[in-house]
Amino acid sequence: MITGKILGTGSYVPPRVMDNDDMARIVDTNDEWIRERTGIGRRHIAENETTSYMATRAALRAIEQSGIAPEEIEMVIVATSSSETIYPCAACEVQREIKAENAVGYDLNGACTGFVLAFNTAQAYISAGLYRTILVIGAESMSHMVNWTDRSTCILFGDGAGAVVLRAQEGEPVRMAAHSDGEKGPALKGLSRHRKDWDCKDSDKDAYIRMDGQGVFKFAVRKVPEIIEEILEQSDVSLEDIEYFILHQANRRIIEAVAKRLKTDISRFPMNLEEYANTSAATVPILLDEMNRKGMFKRGQKLMMAGFGAGLTWAGCLFEW
Ligand code: UT7
(Lines give C-alpha, C1' and ligand atoms only; values in the text may rest on other atoms or scores of the structure.)
Protein backbone atom coordinates (compact mmCIF):
# COMPACT_ATOMS: atom_id res chain seq x y z
CA MET A 1 0.00 0.00 0.00
CA ILE A 2 1.28 3.50 -0.84
CA THR A 3 1.40 5.79 2.19
CA GLY A 4 2.99 9.12 3.10
CA LYS A 5 6.12 8.59 5.23
CA ILE A 6 7.53 11.48 7.21
CA LEU A 7 10.93 12.29 5.68
CA GLY A 8 11.62 15.29 7.89
CA THR A 9 10.14 17.64 10.46
CA GLY A 10 10.77 21.26 11.41
CA SER A 11 9.43 23.94 13.69
CA TYR A 12 9.83 27.59 14.54
CA VAL A 13 8.72 29.67 17.50
CA PRO A 14 9.35 33.39 17.92
CA PRO A 15 12.18 34.21 20.36
CA ARG A 16 10.06 36.61 22.44
CA VAL A 17 8.78 34.80 25.53
CA MET A 18 6.03 35.85 27.92
CA ASP A 19 5.91 33.83 31.13
CA ASN A 20 2.99 33.67 33.54
CA ASP A 21 4.38 36.54 35.60
CA ASP A 22 4.38 38.69 32.47
CA MET A 23 0.71 37.75 31.96
CA ALA A 24 -0.01 38.76 35.57
CA ARG A 25 1.21 42.27 34.71
CA ILE A 26 -1.46 42.50 31.96
CA VAL A 27 -4.50 40.78 33.49
CA ASP A 28 -5.63 39.71 36.97
CA THR A 29 -4.00 36.28 37.09
CA ASN A 30 -1.02 34.50 38.61
CA ASP A 31 1.51 31.76 37.86
CA GLU A 32 -0.07 29.32 40.32
CA TRP A 33 -3.58 29.53 38.77
CA ILE A 34 -2.31 29.18 35.21
CA ARG A 35 -0.01 26.23 35.99
CA GLU A 36 -2.59 24.40 38.09
CA ARG A 37 -5.50 24.81 35.67
CA THR A 38 -3.62 24.45 32.37
CA GLY A 39 0.00 23.28 32.82
CA ILE A 40 1.20 26.36 30.89
CA GLY A 41 4.34 28.18 32.08
CA ARG A 42 5.35 30.34 29.12
CA ARG A 43 4.32 31.18 25.57
CA HIS A 44 6.28 32.52 22.58
CA ILE A 45 4.76 35.64 21.07
CA ALA A 46 5.38 36.96 17.57
CA GLU A 47 6.58 40.55 17.30
CA ASN A 48 7.25 41.18 13.62
CA GLU A 49 7.03 37.55 12.55
CA THR A 50 3.98 36.79 10.41
CA THR A 51 2.19 33.45 10.18
CA SER A 52 3.68 32.77 6.75
CA TYR A 53 7.17 33.74 7.98
CA MET A 54 6.95 31.23 10.85
CA ALA A 55 5.52 28.62 8.46
CA THR A 56 8.43 29.21 6.08
CA ARG A 57 11.07 28.84 8.83
CA ALA A 58 9.49 25.56 10.00
CA ALA A 59 9.22 24.34 6.39
CA LEU A 60 12.88 25.07 5.62
CA ARG A 61 13.95 23.01 8.64
CA ALA A 62 11.73 20.11 7.60
CA ILE A 63 13.05 20.26 4.01
CA GLU A 64 16.66 20.38 5.21
CA GLN A 65 16.13 17.29 7.36
CA SER A 66 14.34 15.50 4.52
CA GLY A 67 17.28 15.93 2.17
CA ILE A 68 14.94 16.76 -0.72
CA ALA A 69 15.10 19.69 -3.12
CA PRO A 70 12.21 22.21 -2.85
CA GLU A 71 11.34 21.56 -6.51
CA GLU A 72 10.35 18.00 -5.56
CA ILE A 73 7.46 19.31 -3.43
CA GLU A 74 4.20 19.02 -5.33
CA MET A 75 1.79 20.42 -2.73
CA VAL A 76 1.99 22.77 0.27
CA ILE A 77 -0.89 22.76 2.74
CA VAL A 78 -0.82 25.27 5.58
CA ALA A 79 -3.26 24.63 8.40
CA THR A 80 -3.98 28.03 9.89
CA SER A 81 -6.82 30.19 11.10
CA SER A 82 -4.72 33.25 11.89
CA SER A 83 -2.90 34.20 8.71
CA GLU A 84 -2.33 37.95 8.27
CA THR A 85 -3.68 37.83 4.74
CA ILE A 86 -6.65 35.87 3.49
CA TYR A 87 -5.06 35.94 0.06
CA PRO A 88 -2.51 35.27 -1.10
CA CYS A 89 -2.85 32.33 1.25
CA ALA A 90 0.00 31.46 3.60
CA ALA A 91 0.77 28.32 1.58
CA CYS A 92 1.45 30.37 -1.57
CA GLU A 93 3.69 32.71 0.44
CA VAL A 94 5.61 29.67 1.73
CA GLN A 95 5.75 28.18 -1.78
CA ARG A 96 7.37 31.38 -3.04
CA GLU A 97 9.80 31.73 -0.13
CA ILE A 98 11.06 28.13 -0.22
CA LYS A 99 11.12 28.12 -4.04
CA ALA A 100 8.86 25.09 -4.35
CA GLU A 101 8.08 26.16 -7.88
CA ASN A 102 6.33 22.92 -8.87
CA ALA A 103 3.92 22.94 -5.95
CA VAL A 104 0.30 23.99 -5.59
CA GLY A 105 -0.43 25.66 -2.25
CA TYR A 106 -3.54 26.29 -0.25
CA ASP A 107 -4.58 26.94 3.34
CA LEU A 108 -6.88 24.80 5.42
CA ASN A 109 -8.81 26.33 8.31
CA GLY A 110 -9.50 23.61 10.83
CA ALA A 111 -8.59 25.73 13.89
CA CYS A 112 -6.79 23.60 16.50
CA THR A 113 -7.69 20.42 14.57
CA GLY A 114 -6.16 21.91 11.42
CA PHE A 115 -2.81 20.13 11.29
CA VAL A 116 -4.32 16.67 11.76
CA LEU A 117 -6.94 17.44 9.08
CA ALA A 118 -4.20 18.68 6.72
CA PHE A 119 -2.02 15.63 7.43
CA ASN A 120 -4.99 13.35 6.68
CA THR A 121 -5.78 15.30 3.50
CA ALA A 122 -2.19 14.91 2.31
CA GLN A 123 -2.27 11.20 3.12
CA ALA A 124 -5.45 10.80 1.05
CA TYR A 125 -3.79 12.47 -1.98
CA ILE A 126 -0.72 10.28 -1.60
CA SER A 127 -2.54 6.99 -1.13
CA ALA A 128 -4.73 7.84 -4.18
CA GLY A 129 -1.51 8.13 -6.20
CA LEU A 130 -2.16 11.79 -7.10
CA TYR A 131 0.87 13.35 -5.39
CA ARG A 132 4.17 11.93 -4.11
CA THR A 133 5.70 14.70 -2.01
CA ILE A 134 3.64 17.03 0.17
CA LEU A 135 4.69 19.65 2.71
CA VAL A 136 2.17 19.94 5.55
CA ILE A 137 2.44 22.88 7.96
CA GLY A 138 0.54 24.09 11.01
CA ALA A 139 1.18 27.80 11.71
CA GLU A 140 -0.60 30.29 13.91
CA SER A 141 -0.34 33.83 15.29
CA MET A 142 -2.78 33.36 18.15
CA SER A 143 -1.54 36.54 19.83
CA HIS A 144 -3.40 38.50 17.13
CA MET A 145 -6.62 36.67 17.90
CA VAL A 146 -6.89 36.93 21.66
CA ASN A 147 -8.44 39.67 23.70
CA TRP A 148 -5.54 40.77 25.89
CA THR A 149 -7.95 42.03 28.56
CA ASP A 150 -9.73 38.66 28.93
CA ARG A 151 -7.80 36.59 31.46
CA SER A 152 -9.83 33.47 30.73
CA THR A 153 -8.46 33.22 27.16
CA CYS A 154 -5.32 35.34 26.67
CA ILE A 155 -3.23 33.22 29.03
CA LEU A 156 -3.92 30.06 27.01
CA PHE A 157 -2.36 30.77 23.64
CA GLY A 158 1.01 31.20 21.93
CA ASP A 159 2.47 31.59 18.42
CA GLY A 160 4.54 29.21 16.31
CA ALA A 161 4.71 26.76 13.42
CA GLY A 162 5.60 23.14 12.71
CA ALA A 163 6.02 21.25 9.44
CA VAL A 164 6.46 17.77 7.99
CA VAL A 165 7.54 16.55 4.56
CA LEU A 166 5.59 13.50 3.41
CA ARG A 167 6.84 11.22 0.62
CA ALA A 168 4.96 8.33 -1.01
CA GLN A 169 6.42 4.98 0.04
CA GLU A 170 5.27 1.40 0.51
CA GLY A 171 3.91 0.91 4.02
CA GLU A 172 0.99 0.34 6.31
CA PRO A 173 -2.01 2.51 5.40
CA VAL A 174 -2.72 5.52 7.62
CA ARG A 175 -5.98 5.05 9.54
CA MET A 176 -7.95 8.22 10.13
CA ALA A 177 -11.21 9.71 11.32
CA ALA A 178 -12.60 13.22 11.58
CA HIS A 179 -15.83 14.82 12.75
CA SER A 180 -17.55 18.19 13.15
CA ASP A 181 -20.41 19.34 15.32
CA GLY A 182 -21.42 22.73 13.92
CA GLU A 183 -24.32 22.91 16.37
CA LYS A 184 -21.75 23.46 19.12
CA GLY A 185 -19.81 26.06 17.11
CA PRO A 186 -20.67 28.98 19.42
CA ALA A 187 -18.64 27.31 22.20
CA LEU A 188 -15.46 28.65 20.57
CA LYS A 189 -15.53 31.65 18.24
CA GLY A 190 -12.76 33.85 16.90
CA LEU A 191 -12.22 36.79 14.60
CA SER A 192 -8.71 37.80 13.76
CA ARG A 193 -7.85 41.44 14.37
CA HIS A 194 -4.20 41.23 13.39
CA ARG A 195 -2.98 43.62 15.96
CA LYS A 196 -2.08 43.34 19.61
CA ASP A 197 -4.75 45.49 21.12
CA TRP A 198 -3.60 45.67 24.72
CA ASP A 199 -6.29 48.25 25.48
CA CYS A 200 -9.32 46.77 23.77
CA LYS A 201 -12.61 48.17 24.97
CA ASP A 202 -15.28 45.98 26.53
CA SER A 203 -17.46 46.60 23.48
CA ASP A 204 -14.76 45.01 21.28
CA LYS A 205 -14.68 41.78 23.20
CA ASP A 206 -16.92 39.81 20.85
CA ALA A 207 -14.45 40.46 18.07
CA TYR A 208 -11.79 38.26 19.64
CA ILE A 209 -11.62 34.66 20.76
CA ARG A 210 -14.64 33.86 22.87
CA MET A 211 -14.88 30.51 24.54
CA ASP A 212 -16.99 28.42 26.84
CA GLY A 213 -13.88 26.95 28.49
CA GLN A 214 -15.63 24.26 30.48
CA GLY A 215 -17.79 23.27 27.50
CA VAL A 216 -14.73 22.84 25.28
CA PHE A 217 -12.93 20.99 28.08
CA LYS A 218 -15.77 18.45 28.47
CA PHE A 219 -16.10 18.04 24.70
CA ALA A 220 -12.37 17.29 24.33
CA VAL A 221 -12.25 14.82 27.19
CA ARG A 222 -15.17 12.88 25.70
CA LYS A 223 -14.42 13.08 21.98
CA VAL A 224 -10.65 12.49 21.90
CA PRO A 225 -10.78 9.01 23.52
CA GLU A 226 -13.80 8.19 21.32
CA ILE A 227 -12.00 9.03 18.09
CA ILE A 228 -8.86 7.14 19.16
CA GLU A 229 -11.01 4.05 19.74
CA GLU A 230 -12.83 4.60 16.43
CA ILE A 231 -9.49 4.67 14.58
CA LEU A 232 -8.18 1.58 16.37
CA GLU A 233 -11.35 -0.31 15.39
CA GLN A 234 -10.44 0.20 11.71
CA SER A 235 -7.13 -1.59 12.20
CA ASP A 236 -5.66 -4.65 13.88
CA VAL A 237 -3.65 -2.34 16.14
CA SER A 238 -4.47 -2.24 19.85
CA LEU A 239 -4.04 0.60 22.32
CA GLU A 240 -0.97 -1.15 23.79
CA ASP A 241 0.75 -1.14 20.37
CA ILE A 242 0.80 2.66 20.21
CA GLU A 243 4.16 4.11 21.20
CA TYR A 244 3.00 7.72 21.66
CA PHE A 245 -0.26 9.64 21.60
CA ILE A 246 0.59 13.04 20.15
CA LEU A 247 -2.38 15.19 21.11
CA HIS A 248 -3.25 18.82 20.57
CA GLN A 249 -1.59 20.72 23.42
CA ALA A 250 -4.41 22.80 24.89
CA ASN A 251 -4.44 21.88 28.56
CA ARG A 252 -2.45 19.37 30.62
CA ARG A 253 -5.61 18.34 32.47
CA ILE A 254 -7.34 17.46 29.18
CA ILE A 255 -4.43 15.21 28.17
CA GLU A 256 -4.34 13.59 31.63
CA ALA A 257 -8.10 12.96 31.49
CA VAL A 258 -7.80 11.37 28.02
CA ALA A 259 -5.01 9.08 29.24
CA LYS A 260 -7.12 8.12 32.25
CA ARG A 261 -10.21 7.37 30.15
CA LEU A 262 -8.10 5.18 27.87
CA LYS A 263 -6.51 3.54 30.96
CA THR A 264 -3.11 4.31 29.45
CA ASP A 265 0.01 5.54 31.22
CA ILE A 266 0.46 9.30 30.94
CA SER A 267 4.14 8.78 29.96
CA ARG A 268 2.91 7.81 26.49
CA PHE A 269 1.30 11.25 26.11
CA PRO A 270 4.20 13.64 25.54
CA MET A 271 3.60 17.30 26.35
CA ASN A 272 5.35 20.58 25.67
CA LEU A 273 2.58 23.04 26.50
CA GLU A 274 4.45 24.31 29.54
CA GLU A 275 6.86 26.03 27.11
CA TYR A 276 4.61 27.00 24.18
CA ALA A 277 0.99 27.06 25.49
CA ASN A 278 -1.73 26.39 22.92
CA THR A 279 -0.46 27.29 19.44
CA SER A 280 -3.65 25.92 17.84
CA ALA A 281 -2.84 24.13 14.55
CA ALA A 282 0.89 24.30 15.35
CA THR A 283 0.91 22.29 18.60
CA VAL A 284 0.99 18.82 17.05
CA PRO A 285 3.75 19.45 14.45
CA ILE A 286 5.90 21.40 16.94
CA LEU A 287 5.69 18.48 19.36
CA LEU A 288 6.36 15.99 16.57
CA ASP A 289 9.47 17.93 15.56
CA GLU A 290 10.77 18.18 19.13
CA MET A 291 10.33 14.45 19.68
CA ASN A 292 11.93 13.65 16.33
CA ARG A 293 14.95 15.84 17.01
CA LYS A 294 15.35 14.22 20.44
CA GLY A 295 15.56 10.85 18.63
CA MET A 296 12.36 9.51 20.22
CA PHE A 297 11.05 7.84 17.03
CA LYS A 298 12.14 4.60 15.37
CA ARG A 299 10.99 3.33 11.99
CA GLY A 300 7.97 1.06 12.36
CA GLN A 301 6.71 2.60 15.62
CA LYS A 302 2.98 3.22 15.71
CA LEU A 303 1.91 6.74 16.56
CA MET A 304 -1.50 8.28 17.13
CA MET A 305 -2.17 11.98 16.55
CA ALA A 306 -5.38 13.73 17.60
CA GLY A 307 -6.63 17.30 17.50
CA PHE A 308 -9.77 19.06 18.65
CA GLY A 309 -11.08 22.59 18.70
CA ALA A 310 -13.26 25.24 17.11
CA GLY A 311 -16.01 24.17 14.76
CA LEU A 312 -16.35 22.16 16.87
CA THR A 313 -14.07 19.69 15.12
CA TRP A 314 -12.00 16.68 16.14
CA ALA A 315 -9.77 14.38 14.12
CA GLY A 316 -7.11 11.75 14.52
CA CYS A 317 -4.85 9.37 12.68
CA LEU A 318 -2.77 6.29 13.31
CA PHE A 319 0.44 5.96 11.30
CA GLU A 320 3.80 4.25 11.31
CA TRP A 321 6.94 6.32 11.73
O1 UT7 B 1 -7.72 24.39 21.47
C2 UT7 B 1 -8.93 24.31 22.16
C3 UT7 B 1 -9.00 25.57 22.95
N4 UT7 B 1 -9.71 25.56 24.16
C5 UT7 B 1 -9.47 24.77 25.24
O6 UT7 B 1 -8.73 23.86 25.25
C7 UT7 B 1 -10.19 25.19 26.49
C8 UT7 B 1 -10.55 24.06 27.38
N9 UT7 B 1 -10.86 24.60 28.68
C10 UT7 B 1 -9.92 24.88 29.61
O11 UT7 B 1 -8.75 24.66 29.36
C12 UT7 B 1 -10.37 25.41 30.94
O13 UT7 B 1 -11.78 25.42 31.00
C14 UT7 B 1 -9.80 26.82 31.26
C15 UT7 B 1 -8.30 26.73 31.52
C16 UT7 B 1 -10.08 27.77 30.11
C17 UT7 B 1 -10.46 27.39 32.51
O18 UT7 B 1 -10.27 26.50 33.60
P19 UT7 B 1 -11.49 26.09 34.55
O20 UT7 B 1 -10.94 25.19 35.57
O21 UT7 B 1 -12.58 25.56 33.65
O22 UT7 B 1 -11.87 27.47 35.21
P23 UT7 B 1 -13.25 28.27 35.17
O24 UT7 B 1 -13.50 28.83 33.81
O25 UT7 B 1 -14.32 27.42 35.79
O26 UT7 B 1 -12.95 29.46 36.15
C27 UT7 B 1 -12.75 29.24 37.55
C28 UT7 B 1 -12.43 30.58 38.19
C29 UT7 B 1 -13.44 31.68 37.85
O30 UT7 B 1 -13.58 32.47 39.00
P31 UT7 B 1 -14.85 32.28 39.98
O32 UT7 B 1 -16.05 32.53 39.10
O33 UT7 B 1 -14.76 30.87 40.46
O34 UT7 B 1 -14.63 33.31 41.02
C35 UT7 B 1 -12.72 32.48 36.80
O36 UT7 B 1 -13.14 33.82 36.77
O37 UT7 B 1 -11.16 31.03 37.74
C38 UT7 B 1 -11.29 32.37 37.27
N39 UT7 B 1 -10.30 32.59 36.22
C40 UT7 B 1 -9.04 32.96 36.45
N41 UT7 B 1 -8.38 33.22 37.61
C42 UT7 B 1 -7.09 33.58 37.52
C43 UT7 B 1 -10.48 32.41 34.88
N44 UT7 B 1 -9.31 32.69 34.26
C45 UT7 B 1 -8.42 33.02 35.22
C46 UT7 B 1 -7.06 33.40 35.18
N47 UT7 B 1 -6.44 33.65 36.35
N48 UT7 B 1 -6.35 33.49 34.03
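### Points about helix α8 (residues 252-261)
Phase 1 of the analysis: Where α8 is concerned, the buried positions are Ile254, Ile255, Val258 and Ala259. Across the axial projection of α8, the buried residues extend over an arc of 135°, all falling on one side.
Phase 2 of the analysis: Looking at the packing, one finds that the buried side of α8 touches α7 (213-233), β11 (242-247), α9 (273-276) and β12 (302-309).
Phase 3 of the analysis: In this structure Asn251 caps α8, since a side-chain oxygen of it lies 2.7 Å from the backbone nitrogen of Arg253.
Phase 4 of the analysis: Immediately downstream of α8, the backbone of Lys263 shows phi near 50°, a positive value.

### Some details on the pairing of strand β13 (residues 313-320)
Phase 1 of the analysis: Most of β13 sits inside the fold, with seven of its eight residues counted as buried.
Phase 2 of the analysis: Direction of pairing for strand β8 (residues 175-180) relative to β13: antiparallel, over a ladder of six bridges. Along β13, the bridge assignment pairs Met176 with Cys317.
Phase 3 of the analysis: Hairpin connection, β12 to β13: the antiparallel pair is bridged by three residues, and Gly311 has positive phi, about 140°.

### Things to note about the sheet that holds β12
Phase 1 of the analysis: One open sheet accounts for four strands, arranged β8-β13-β12-β11; its pairing is mixed. This sheet does not close on itself; its edge strands, each paired only once, are β8 and β11. Each adjacent strand pair in this sheet contributes to an overall mean axis angle of 10°, direction not counted.
Phase 2 of the analysis: Judged from the five bridges that link them, β11 and β12 form a sheet pairing that is parallel. If you follow Tyr244 over to β12, its bridge partner there is Leu303.

### Things to note about the side chain of Thr153
Phase 1 of the analysis: Structurally, Thr153 can be placed in helix α6 (residues 151-154).
Phase 2 of the analysis: Taking the relative accessible area as the measure of exposure, Thr153 reaches 1% and is therefore buried.
Phase 3 of the analysis: Excluding residues within four positions of it along the chain, Thr153 makes contact with Val146, Asn147, Ile209 and Met211.

### Points about the packing of α7 against α8
Phase 1 of the analysis: Put simply, α7 and α8 touch, their axes get as near as 9 Å, and they point 40° apart. One finds that α7 runs oblique with respect to α8. Along this stretch, α7 crosses α8, giving a crossing that reads as right-handed. Together, Phe217, Ala220, Val221, Arg222, Val224, Pro225 and Ile228 of α7 and Arg253, Ile254, Ala257, Val258 and Arg261 of α8 make up the contact between the two elements.
Phase 2 of the analysis: Of the residues in the contact of α7 with α8, the class split is nine nonpolar, no polar and three charged.

### Here's the deal with the environment of Pro70
Phase 1 of the analysis: Position of Pro70 relative to the elements: it lies in the loop between α3 (51-66) and β4 (75-79).
Phase 2 of the analysis: Through-space distance from the C-alpha of Pro70 to that of Lys99 is 6.1 Å; in sequence the pair is 29 residues apart.
Phase 3 of the analysis: The contact partners of Pro70, leaving out residues within four places of it in the chain, are Ile98, Lys99 and Ala100.

### Looking at the site of the ligand
Phase 1 of the analysis: Close to the ligand lie 21 residues, the nearest being Thr29, Arg37, Gln214, His248 and Asn251.
Phase 2 of the analysis: Here an oxygen atom of the ligand sits 2.8 Å away from a polar atom, N or O, in the side chain of His248.
Phase 3 of the analysis: Compared with its free state, where it exposes 950 Å², the ligand has 74% of that area covered by protein.
Phase 4 of the analysis: Those elements that provide at least two residues to the shell around the ligand are α2 (31-38), α6, α7 and α8.
Phase 5 of the analysis: For the shell around the ligand, the element with the highest residue contribution is α7, accounting for four residues.
Phase 6 of the analysis: Partitioning the shell around the ligand into residue classes produces nine nonpolar, eight polar and four charged.
Phase 7 of the analysis: Counting only domains with at least three residues in the shell around the ligand, you end up with domain 1 (2-170) and domain 2 (175-270 + 290-320).

### Things to note about α7
Phase 1 of the analysis: Between its first and last C-alpha atoms α7 spans 30 Å; for 21 residues at 1.5 Å apiece the expected length is 30 Å, and the two agree.
Phase 2 of the analysis: What α7 keeps buried is the set Val216, Phe219, Ala220, Val221, Lys223, Val224, Pro225, Ile227, Ile228, Ile231 and Leu232.

Calculation rules
- Residues numbered from 1 in each chain as written.
- Predicted model: local features only at pLDDT ≥ 70, side-chain atom pairs only at ≥ 80, totals over all residues.
- Heavy atoms only, no water.
- Buried < 20%, exposed > 50% of the residue type's maximum accessible area, 1.4 Å probe, protein only.
- Helix = DSSP H or I, 4+ residues; strand = E, 2+ residues; numbered from the N terminus.
- Arc of directions from axis to C-beta.
- Contact = heavy atoms within 4.5 Å.
- Polar contact = N/O pair within 3.5 Å; in protein donor to acceptor, adjacent residues only side chain to side chain.
- Pairing = 2+ DSSP bridges.
- Axes fitted to C-alpha atoms, helices over the stretch in contact; angles between N-to-C directions.
- Parallel < 35°, antiparallel > 145°, perpendicular 65-115°, else oblique.
- Left-handed = near helix turned anticlockwise from the far one by under 90°.
- Nonpolar A, V, L, I, M, F, W, Y, C, P; charged D, E, K, R; others polar.
- Near = heavy atom within 4 Å.
- Areas by Shrake-Rupley, 256 points an atom, 1.4 Å probe, with all protein chains shown as cover.
- Domains from an automatic or database assignment.
- Expected span 1.5 Å × (residues − 1).

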